[in-house]
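# Coordinate analysis (summary)
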Amino acid sequence: MMKLFDKEPSFDIVGKIPLFWKASGSVLAVCVLLLTVVGLNFGIDFSGGYEIQVKFPKAVDEAEVKSHLAPLGLEGLRVQRFGAVEDNEYLVLVREQGSITGAQKTAIRADFVALAGSEDGLVNWAMAESGESITVAFATPVTEEQVNAILKKNKLHVKGVTRGDRQDRPEYSIGLVSIADDIETALREGTGVASSEQLVKRVEFVGPQVGAELRNDGIMAIVYALGFILLYIAVRFDLAFAPGAVLALIHDVLITVGVFSALGLEFNLPVIAAILAIVGYSLNDTIVVYDRIRENSLRYRGRTLRDLVNTSLNQTLSRTLLTSATTMLVVLALLIVGGGIIRDFSIALTVGVLVGTYSSVAIASPAYIFLRERAEKKVTANKGKSSAVAA
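This write-up is about the structure you can find in this document. What you see is a predicted model, and the numbers here were worked out from it, not measured in a lab.

### Quick word on helix H10 (residues 305-337)
- If you check H10, its first and last C-alpha atoms are 46 Å apart, about what 33 residues at 1.5 Å a residue would give, namely 48 Å.
- Of all bends in H10, the biggest is about 45°, found at Thr316.
- Directly after H10, the chain includes Gly339, whose backbone phi takes a positive value near 85°.

### So, a nonpolar patch on the surface
- On the surface, a nonpolar cluster with roughly 620 Å² of combined accessible area is contributed by Ile219, Met220, Val223, Tyr224, Phe228 and Leu231.
- By the element assignment, Val223 lies in helix H7 (residues 208-236).
- A relative accessible area of 43% means that Val223 is categorised as partly exposed.

### Details of the pairing of strand S6 (residues 133-138)
- Sheet topology note: the strand S5 (residues 122-127)/S6 ladder contains 5 bridges and is antiparallel. Residue pairing in the sheet places Ala126 in a bridge with Thr135 of S6.
- What sits between the antiparallel neighbours S5 and S6 is a turn of 5 residues, in which Gly131 has the positive phi angle 80°.
- Of the pairings in the sheet, the one linking S6 to strand S8 (residues 171-176) comprises 5 bridges and is antiparallel in character. Note on S8: the bridge partner recorded for Ala137 is Glu171.

### A word on the nonpolar core
- Grouped together as the largest cluster of nonpolar side chains are 54 residues, with contacts concentrated most on Ile233, Phe267, Tyr290, Val309 and Tyr368.
- Every element with two or more residues in this core is listed here: helix H1 (17-37), H7, helix H8 (242-263), helix H9 (269-299), H10 and helix H11 (343-390).
- For Ile233, the residues in contact, after removing those within four places along its chain, are Asp238, Phe241, Ala242, Ala245, Leu283, Ile287 and Tyr290.
- If you look at the next biggest cluster of nonpolar residues, it comprises 20 residues, including Val92, Ile183, Ala186 and Leu187.

### Notes on the side chain of Ser359
- The residue Ser359 is located in helix H11 in this model.
- What makes Ser359 buried here is its relative accessible area of 0%.
- Ignoring any residue separated from it by four or fewer positions in sequence, one finds Ser359 in contact with Ala248, His251, Asp252, Ser282 and Ala364.

### Here we look at the pattern of salt bridges
- Under the criterion given, the structure shown has 16 salt bridges.
- With its nearest N and O atoms 3.0 Å apart, the salt bridge here joins Asp111 to Lys153. Pair noted here: Asp111 is in helix H4 (residues 102-116) and Lys153 is in helix H5 (residues 144-153), with a separation of 42 residues, a long-range link.
- We note a salt bridge from Asp181 to Lys159, for which the minimum N-O separation is 3.1 Å. One end of the pair, Asp181, is in helix H6 (residues 179-191); the other, Lys159, is in strand S7 (residues 158-163), with 22 residues separating them in the sequence.
- Its relative accessible area of 55% is what places Lys159 among the exposed residues.

### Details of the sheet that holds S5
- Overall, antiparallel pairing links the 4 strands, which are arranged S5-S6-S8-S7 in an open sheet. For this open sheet the edge positions go to S5 and S7, each flanked by a neighbour on one side alone. Taking each pair of neighbouring strands and ignoring which way they run, the sheet shows an average axis angle of 10°.

### So, the sheet that holds strand S9 (residues 200-206)
- Taking strand neighbours across the sheet as the criterion, the 4 strands line up as S3-S4-S2-S9 in an open arrangement whose pairing is antiparallel. The open sheet has two free edges, formed respectively by strand S3 (78-81) and S9, since each of these has just one partner strand. Shown here is a sheet whose adjacent strand axes are inclined to one another by a mean of 15°, direction ignored.
- With 4 bridges connecting them, S3 and strand S4 (residues 89-94) associate as antiparallel partners.

### What to know about unusual backbone geometry
- Residues other than glycine seldom take positive phi values, yet Asn88 does so here, at roughly 55°.
- In this structure, Asn88 sits in the loop between S3 and S4.

### Points about H1
- In this model, H1 (21 residues) spans 30 Å end to end at C-alpha, consistent with the 30 Å of a helix rising 1.5 Å per residue.
- Taken as a whole, H1 has its buried residues at Ile17, Phe20, Ser24 and Cys31. Angular distribution of buried residues about the axis of H1 spans 70°; they occupy a single face of the element. Exposed residues lying more than 90 degrees from the buried face of H1 are Pro18, Leu19, Lys22, Leu33, Thr36 and Val37.
- In the segment just after H1, Gly39 is the residue with positive phi, at about 80°.

Each value, and the rule that gives it
- What you see as residue numbers is a count from 1 along each chain, following the sequence as written.
- In keeping with the model being predicted, local features are shown solely for residues with a pLDDT of at least 70 and side-chain atom pairs are shown and tallied solely at 80 or more, while totals for entire chains, interfaces and linings include all residues.
- Remark: hydrogens and water are excluded; side-chain values derive from all non-hydrogen atoms of the structure.
- Strands are runs of DSSP state E lasting at least two residues, helices are runs of H or I lasting at least four, and both sets are numbered from the N terminus onward.
- Given the number of residues in a helix, its expected span is that number minus one, multiplied by 1.5 Å.
- Here the bend at a residue means the angle between the axes of two seven-residue stretches, the one that ends at it and the one that starts at it.
- Patch building starts from residues that exceed 30% relative accessible area and form no salt bridge, then joins like charges within 9 Å and nonpolar side chains (Val, Leu, Ile, Met, Phe, Trp, Tyr) within 5 Å.
- Only the protein chains shown count as cover for residues, with accessible areas throughout obtained via the Shrake-Rupley method and a probe of 1.4 Å.
- Within this document, salt bridges are pairs made up of a side-chain nitrogen of Lys or Arg and a carboxyl oxygen of Asp or Glu, the two lying within 4 Å of each other.
- Each residue is placed in one exposure class: buried if its accessible area under a 1.4 Å probe, protein chains only, is under 20% of its type's maximum, exposed if it is over 50%, and partly exposed if it falls in between.
- Pairing between strands is defined by DSSP: at least two bridges between the two strands are required.
- Nine residue types can take part in a nonpolar core, namely buried Ala, Val, Leu, Ile, Met, Phe, Trp, Tyr and Cys, and a core is a set of them joined through side-chain atoms within 4.5 Å.
- The contact criterion used throughout is that any non-hydrogen atoms of two residues lie within 4.5 Å.
- In this analysis, axes come from line fits to C-alpha atoms, helices being fitted only over the stretch in contact, and the angle between any two N-to-C directions falls in the range 0 to 180 degrees.
- What the arc measures is the spread of directions leading from the helix axis to the C-beta atoms.

Rendered as structure tokens:
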């Protein structure tokens, strides 16, 4: 088996605990301050908006695509290459909440209720959250001209109105020009792509409500993971080990998220996946150290707790560093050649692996020492009180 050291190292790791805690405490304080003051740059997954995949028949660069879309004045516009350079494919990311505002939706519905005569007369009503389509059905006869008059009154850009087959209950499906349509039109006009050629390959829209639910679910997934890890460590080892493992994981997650806040990087679902992967990776390192502490507590009976933990950390140090180094090779490869699509995911993993390696040595085991020593002091104090009472 490959080893980093010729013989077992004898670093005074436990002696550096105060230094580790001061350093980690300072970094965590900065991260919490950043998250409180600056916050996170939530991606479309969490804030809502459009993700449009386009493929050009000829070579164009990102700056050219942006210049064609600039006149639209889109909020939070980002253009990033998708796939190989020769594919000429891009993702257009827009943080717009839809082509129709909430107030407009309310006004449009009120006009259709008035046309139906009452709320009961409007037997079916559905408007896409993006504002791209409306489905409306009436209990009484309503002509297509009356429907078009309402659409014109509300200054909607209509692609088409289709009437259903039922004669007793007129139902209309209305297609509206969306932000995605405006983007396609601007790109076709700017690059000269004919309408007969396919330009848009995929359009996805995430509404603000769905985005908020995804954000909350992602945060709760991390909280649940930490909770179950606390239980797992408590059952597998003992209760004194569990808080240190969870503290190390919280330390890793907070620093990773803090880096995203400091650099203004996009925080999205792939980053949540990376954080969960970091939790698993860091926990694995911590369990290896904990296993060695448990084995050595039987092998080296009579040693002090600090000496025992220091020996265990030195015995596992080579394995910890080599595992991290090989993992970093893969993560850096993803970061360098993976492209813009997985850039945020790769950055989160890179930060997480570095911090996770540090925390398994400098946070988890020192926390175990702290809890064990505190418990032993409490037991000693209780024995002293009992002896005093007996005397």
